[in-house]
Amino acid sequence: MKLKRLLAILLAMALIAAACGSDGDDTAAEAPAEEPAAAEEPAEEPAEEPAEEPAEEPAEEPAEEENPHPDWPESLVFGFVPSQEQDQLQDDIQPFIDVLEEALGIDVEGIVTTDYTGLVTAMGTDQADLGAFGPFGYTLGADQFGNIEPLIQSIRFGSATYHGQWFTNADNVADLCAEAAETATALENSPDGVVQVGALDAVALQVGVFFGDEGKALGETTDDGDTIVAGSSCVGDIANVAGKTIAWTTETSTSGFLFPALQLKDIGIDANDDVTGVFTGGHDAAVSAVLNGDADVGLSFDDARRTLRKENPTIGDDVVVFAITDEIPNDVVAVRSALPDDLKQAIYDAIDAFLATEEGEAIFDAVYGWTDIRPATESDFDVVRAAAAGLGITEPPG
């Protein structure tokens, strides 16, 4: 019984196993082979729009350069006094004013006043910032107003001093000189007194003298080719001018009035009572007055005859120098004391540089006869103050 039952169980298990194996094989055979899964294409991303460029910011305007001299004034007024015809001087100085304006980077106006007094007043009342002064005009202005100081002193052929010259018409030489005038000569001060020297040896450039290839030379010509006669001189005595008509320049001119008037006082001649004085307004005008016979004697700087040489080639013989004054400190450019120190230095440097050019040399020679400059020293003008005190002059004439 037990055996039968065991066989029956084994048979049943065998049938179950066969059935399970058959089912598994059929399923594997009939099932279609799986196609390899198609590679999934990446999902199409929306096309990238070009990245928006940042909106352009408006271009920044270049920053204004910082003003390197914020304490400088926006403009300057440079005053001049006539050493020749006023209109001509205005034309002559303009190229220099243009150069100064460019060098400083500020506007510069050049003005020509009628006389020293006008420029002194303009400087003293802050209407002008710079002024080209004779030493007497400068000292009067500085002492009266107290706001003016010397910046530049002129140099002429290496000398920081000059002198005034006394001259007369050639027809009057015998009244003033013991000997006849000699052509191509000039007068100079020396330790032994006034001496006569050759025109080429005089410090100041004399009429008829010019610069050739080898320096000073005689035989200057006009634009038309006419020879300009070299100047004449004789050694005379100023005591002989008593009772004569004198062509002064202006009352504030050092060489054209102050020093010669003091010379007369020192020998007992009053410049107001013992001579007939005429103020002509300028150095060239004083020369013209003597040339034309309107005055017996005239005063000017040495050698103001050159200012008329082109129009009058024989002026050197027609007007004869017979005496000179003591040495005078050369003229100056003065400035308002309140101007910034670096501006004062810039002005000095600009003028110095311009004078070193051919154009600058020609302009300053034509206007004032400068050949160089140096820094001015206040004490150099004490001799001028002493001369003014000797005549009792303490302020500009009204």
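The coordinates are above.
Read on for a plain summary of the structure.

**Remarks on the overall build of the chain**
Along the chain, the regular secondary structure elements total 11 helices and 19 strands. For the chain, buried positions account for 43% of its 398 residues. Counting only contacts in the chain whose residues sit at least 6 apart along the sequence, the fraction spanning at least 24 positions is 75%. A total of about 21300 Å² of accessible surface is found on the chain, and carbon and sulfur atoms cover 49% of it.

**Looking at the pattern of salt bridges**
Inspection of every chain in the model, using the stated rule, returns 13 salt bridges. A salt bridge links R385 to E378, with the shortest nitrogen-to-oxygen separation between them at 2.7 Å. Its relative accessible area of 22% is what places R385 among the partly exposed residues. With a relative accessible area of 33%, E378 lands in the partly exposed category. Each of the salt bridges in this network shares a partner with another, and the network as a whole consists of D143, E378, D382 and R385.

**Digging into the state of the cysteines**
Tallying each qualifying case throughout the model produces one disulfide. The disulfide bridge from C177 ends at C234, spanning 2.0 Å between sulfur atoms. Residues C177 and C234 are joined by a disulfide whose S-S torsion is about 60°; by sign, that bridge is right-handed. Remark: C234 occurs in the loop between β12 (232-233) and β13 (245-248) and C177 occurs in the loop between α5 (173-176) and β7 (182-183); sequence separation between them is 57 residues. Each member of the pair, C177 together with C234, is buried.

**A look at the nonpolar core**
Residues W166, V241, I246, W248, L258, L264 and F322 are the most contacted members of the largest nonpolar core, which totals 48 residues. Setting aside residues no more than four positions away along its own chain, I246 makes contact with W166, V241, L264, V275, T276, G277, V278, A295, V297 and L299. Residues I152, V333, Y348 and W370 belong to the second largest nonpolar core, which totals 32 residues.

**Some thoughts on the packing of helix α6 (residues 254-266) against helix α11 (residues 382-390)**
Contact pair α6 / α11: the axes reach a minimum separation of 9 Å and the direction vectors enclose 55°. Taken together, α6 and α11 sit at an angle that is classed as oblique. The interaxial crossing formed by α6 with α11 has left-handed handedness. In this structure, α6 uses T254, L258, F259, L262 and K265 to contact α11, whose residues at the interface are V383, V384, A387, A388 and G390. Partitioning the contact of α6 with α11 into residue classes produces seven nonpolar, two polar and one charged.

**Considerations on the sheet that holds strand β3 (residues 130-133)**
Taken together, six strands build an open sheet; the order of strands is β2-β1-β3-β18-β4-β19 and the sheet is mixed. Only two strands of the sheet have a single neighbouring strand rather than two, namely β2 (107-112) and β19 (372-375). Here the strands of the sheet are splayed against their neighbours by 25° on average, with no regard to which way each runs. Lying over the sheet, helix α9 (residues 341-355) contacts β1 (75-80), β3, β4 (148-155), β18 (332-336) and β19, oriented at roughly 160° with respect to β19.

Cut-off values and rules
- Residues numbered from 1 in each chain as written.
- Predicted model: local features only at pLDDT ≥ 70, side-chain atom pairs only at ≥ 80, totals over all residues.
- Heavy atoms only, no water.
- Helix = DSSP H or I, 4+ residues; strand = E, 2+ residues; numbered from the N terminus.
- Buried < 20%, exposed > 50% of the residue type's maximum accessible area, 1.4 Å probe, protein only.
- Contact = heavy atoms within 4.5 Å.
- Areas by Shrake-Rupley, 256 points an atom, 1.4 Å probe, with all protein chains shown as cover.
- Salt bridge = Lys/Arg side-chain N within 4 Å of Asp/Glu carboxyl O.
- Disulfide = S-S within 2.5 Å.
- Core = buried A, V, L, I, M, F, W, Y, C linked by side-chain atoms within 4.5 Å.
- Axes fitted to C-alpha atoms, helices over the stretch in contact; angles between N-to-C directions.
- Parallel < 35°, antiparallel > 145°, perpendicular 65-115°, else oblique.
- Left-handed = near helix turned anticlockwise from the far one by under 90°.
- Nonpolar A, V, L, I, M, F, W, Y, C, P; charged D, E, K, R; others polar.
- Pairing = 2+ DSSP bridges.

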